[in-house]
Amino acid sequence: MEKNGEKIVNPAAKGRETSEFLMAIVRTLSTSADFEQREKEKARIEKTFTQSDKRLGELVSENYQDLAQITQDFSTISKSVNEAREKIKKIKDDLSSCKTLLHCKRDELRRLWIEGVEQKTMVAMLDQIEQIKEVPTKLDNLLLKKHYLHGTELVVNAVAKLENQLVGVEALRDLKAELITRKEQLHEVLIDELNKQIYIKSQSPNFSSLQGKKSSTAQKQDNLKRKGVNGIPPPEKMEFGKEVKEDLNSNPEDDPTHFMAILVESLYMLRKIPEAAEGLKVRIQPELSAIVARTSQHILESTSNHVDSSNQSQCLLDLLENIFHQFRFVAHMHKVVLRNLHRIITTGSRREVSGVPVRQECLYDMTDVWSKIQAVVELLLREYLDVENTSSSRQRAPSSFDEPSTDINSFFAKKRPAKPKKMALFRFDASIHAISTNSYVDDSRAFDTGDLFSSSLLAEMGLEKNQMVCKPSVYNITAIFKPLELFIREIEDAIACPDGRSSLQAFVTDFVQNIFLGQVHYTVSTSIGSATKDLIRYYKNPQSFDALRHVVDHKIQKELGVIKPLLTSTVTVDKNLQELRELMQDLPDYADQFLNMICNTLKEYRDTCHSAYREIVQYDSDERRVISAMWAKDEDISRFLSFSYEVRSLPSWRSLQSASGQELASEDVCSEEEIKALNSKEAQILISNLTSSDAMIQQEIITDVTQMRTIANVHESLEWFSNRMKDFSNCLSARSATTAADIAASEYPPVSEKTLSSLKNLVKDFQDLAEICLLLLHLEVRVHCFYFLLPVAKQSNYAGPIDDLDPDSNVLKLNKDLSSMEEVLQQSLQPKKFRYIFESLGFLVASILMNSIQYMKKINENGIKKMCRNLFAIQQNLTNITMSREADLDHARQYYELLYINPDDVITMIAEKGGRYTFQEYTELVKLHHRSHAALSPSQLERRMQKLKEVFFKTPNGECDP
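Basis of the calculations
Residues numbered from 1 in each chain as written. Predicted model: local features only at pLDDT ≥ 70, side-chain atom pairs only at ≥ 80, totals over all residues. Heavy atoms only, no water. Salt bridge = Lys/Arg side-chain N within 4 Å of Asp/Glu carboxyl O. Buried < 20%, exposed > 50% of the residue type's maximum accessible area, 1.4 Å probe, protein only. Helix = DSSP H or I, 4+ residues; strand = E, 2+ residues; numbered from the N terminus. pLDDT = per-residue confidence, 0-100. Contact = heavy atoms within 4.5 Å. Expected span 1.5 Å × (residues − 1). Core = buried A, V, L, I, M, F, W, Y, C linked by side-chain atoms within 4.5 Å. Phe/Tyr/Trp six-rings, centres within 6.5 Å; stacked < 30°, edge-to-face > 60°. Lys NZ or Arg CZ within 6 Å of the ring centre and 35° of its normal. Patch = residues over 30% accessible without salt bridge, like charges linked within 9 Å, V, L, I, M, F, W, Y side chains within 5 Å. Areas by Shrake-Rupley, 256 points an atom, 1.4 Å probe, with all protein chains shown as cover.

Caption draft 1: Quick look at the pattern of salt bridges. Going through the model one piece at a time under the given rule, you end up with 26 salt bridges. Members of the salt-bridge network, linked through shared partners, are K603, R606, D607 and D765.

Take a look at the structure:
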């Protein structure tokens, strides 16, 4: 081995080496064969010995001082050892003498020992008495610092001593009674402290303000599961195998979980576990009600007791979210308490020490806690949802909506005339006095909840009348439904409900289905019914003094982002449907019911609009309709459909759809020749419908331009309304074809496919009716042209004197009528639709007047000039309306100017330059020329007609359709 870098040799080992070395020398010398070898070995050994002796002398000289010191120390130690031996020998002798003496006096010693033991016992008892006298003071100090485990152990041990070791001390009788009383009262203190930890600590120190950002309930729930409530870990993650100890140098409330375990352990030491469990169970509902009262008061204070209609729902939502957060904490803390109670029950060593086992039946469970929470929340909801006042007058919503196949015939079928209702002569509802009085009453009652709440429910909740954060209303459910449903699902996950849903869920479901849906349906029906009633009255009497009330004002137009007036009834219906759409988002579980209401409302409003349409287009008691509307009814719609398809193929309609956002394909763009052909086809259809009979148009037109303004308003309103409803229907998705990703990305919850299909059909009905109104205006303007222009050829004289050169009176009336329609339609229709009404009107007028040549008996130069003046007057008026020169009227004027030329010259012109008009138009021109000149014979007419036919159909530019 080595020490300080030097190798230390064991003496025994060194001796063995020396012996072995000598034996080796002896063995070598004895086995040597000759003397010379022995001498060499001897010389080597002597040389080595000499060297060793020399080295030894050197080492002795070098370490002489150490050797001298060692020798001196050895002498001292040897002397001390000898002295110690002498002293030990003397002590042995003295002990032997003492033993002999004690043996002689052992009775006296026993007496003294007994007296010593008695003295020690008395001293110990006095110490215990002194300690017990200090117990009240120590107990007060411990309880003040909330070191309940040490305090409980102190008072339990003190009472045990007073009842056992110190039972005979009469001087401690009063102290014993006091400590026993305090021991009996201590468990109440512990129960109060438990309730304080469960309920008072559940009140978060920082409530979310109404203006601040609040985390969602789902996020709070995730945080609860991940890291516990207020820093307390979930009970499932707590370690209950360790012994509960209390540190007197720390604040016990810093660790709430450990503090709860200490309180339960203290109750167990007092053997008050059953009483504690019963006390906690009894106080659940009162404490929860107190939380509601405190939170309500805090919300009111945070809003400075000024709650207006704009933030009432937000106040209630803020209240419920805070209450739910605290109730989660309460349930969490109860779970912690129950885990500690079960730990006490299941710990075998504890039961052995106690000697009195705790029965499992004496405890409560989390089902009791959640049931009390549900009861308190239900009472709160009954107050704020005004269940007591609304349950007596429930309005049930329709449970289903089955939209039949739409038959447009039903809207034009003959209906029995309704009996006129008795109307009041006058009313004061809209007077200034009535309005101001009603406003004052409404303001004074806006938030007076004194008579709105049941006193019994308020008392049960622990609330006062001035502690309500908002006015009770069934509509409060919209603001709280989603967090309420999340909270209910949390309850159902925490407990096993017998029928699969909790009692709170049953209450909410019953309220929504039996009260809220009915109330919403009643409110919407009342609002829309009032608006549509005014609408029908306005349609029947457009000259009524309140007619302007049925069109929204400019402020509302600006808010809605529209440039033309909309009907008040349409805006009212849209507003109510918007509320229903918001309810679909607020109450997604009842999206189908609200969509059913939307469909029912749309169906009723559709019927109302069609009724109003019928009122506009009929003009006598036999329900005879104007011509433009009769075309829509002709032969059970078939002719109307074919006709409307013809009209919708016109360039004006196609450009209108393109302007509305419907893109047209490149092949749909019409060339100039196609436009002319389509306009010609429209004119032919109209002329064939209106000139086939000899009867003149009499009352079959709309003579009141305000009715046309109404139709325009209906069109604009229904088009705006159908577009909004179409956007809404496009946002919806059928439940059967929706994935989880679609649901997460969708603005609205998935709905029934059948109801969604019904909604789209209704939207299509509104769109069709809007198009019908626009087509009606388009056709009505043209019918007016026929109404005024047909008599121009049939009744006027074009072979009169020279001074009869002014435009025809019917032409002047047409211009006045067109100007009036322009004025009202320009105010009511968008520019692109206004153009659709009046574009190609010049072509139609030209076609009517050119086609009317067949009805003229004869004409002279003055008549030609008069007809040209008619065309020029209409052209000027249409130019002012359409802001474009109507070249088609120039074409018609040039056609009549051909009457100045001899028919033979006209035929020659066709042969040289080609025909600019149809064969039929040239034919009627030649016929009128012959009727105007009586000297011409029929044979001349026949010859000219034959020549015209030969020339016209050989002309490259001639048309082949005579």
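Caption draft 2: Structural view of unusual backbone geometry. Phi at D386 is positive, roughly 55°, even though this residue is not glycine. Looking at D386, the relative accessible area reads 15%, which means it is buried. A positive phi angle, near 60°, is found at M883, a position not held by glycine. Looking at the element boundaries, M883 is found in the loop between α33 (861–882) and α34 (887–897).

Caption draft 3: Focus on the confidence of the model for the protein chain. Overall, the predicted model of the protein chain reaches an average pLDDT of 76, with 72% of residues at or above 70. Confidence drops under pLDDT 50 across residues 958–962; counting only partners more than four residues distant or on other chains, this segment forms ten contacts.

Caption draft 4: Region of interest: helix α11 (residues 284–302). With 19 residues, α11 extends 27 Å between its outermost C-alpha atoms, agreeing within 8% with the 27 Å of an ideal straight helix rising 1.5 Å per residue. Turning to α11, its buried residues number three or more, namely I284, Q285, E287, L288, S289, I291, V292, A293, T295, S296, I299 and L300.

Caption draft 5: How the structure looks around the nonpolar core. Core analysis: the largest hydrophobic core is formed by 206 residues, its most contacted members being F594 and L759. Among the elements that make up this core, the one with the highest residue count is helix α29 (residues 753–794) (22 residues).

Caption draft 6: Structural detail: the packing of aromatic side chains. For the structure on display, the rule yields 20 aromatic pairs. Note on Y475 and F516: the rings are 5.6 Å apart at their centroids and 75° apart in plane angle, and the pair reads as edge-to-face. A residue pair is termed long-range when its members are at least 10 positions apart, and Y475 in the loop between α17 (455–461) and α18 (477–494) and F516 in helix α19 (residues 503–540) qualify at 41 residues. Y475 gets classed as partly exposed once you look at its relative accessible area, which sits at 29%. With centroids separated by 5.9 Å and ring planes inclined at 65°, the aromatic side chains of F481 and Y590 adopt a geometry described as edge-to-face. One end of the pair, F481, is in helix α18; the other, Y590, is in the loop between α21 (568–586) and α22 (591–617), and 109 residues separate them in sequence. Residue classification places F481 among the buried positions, given a relative accessible area of 1%. For Y590, a relative accessible area of 6% translates into the label buried. Taken together, Y895, Y896, Y917, F919, Y922, F952 and F953 form an aromatic cluster joined through their ring pairs. Here R581 stacks its cationic end above the ring of F728, 5.3 Å away from the centre of that ring. Its guanidinium or amino end placed over the ring of Y798, K866 lies 5.4 Å from that ring's centre, counting from NZ or CZ.

Caption draft 7: Seen up close, the environment of R489. Structurally, the position occupied by R489 is in helix α18. Overall, the relative accessible area of 40% leaves R489 in the partly exposed class. The spacing of R489 and S502 is 13 residues in sequence and 8.7 Å in space, taken between C-alpha atoms.

Caption draft 8: Molecular detail of a nonpolar patch on the surface. There is a patch of nonpolar side chains on the surface, built from L56, V60, L67 and I70 and spanning about 360 Å² of accessible area. Contributing elements (two or more residues each) for the nonpolar patch: α2 (35–62) and α3 (64–104). Secondary-structure assignment places I70 in helix α3. Owing to a relative accessible area of 54%, I70 belongs among the exposed residues under this scheme.

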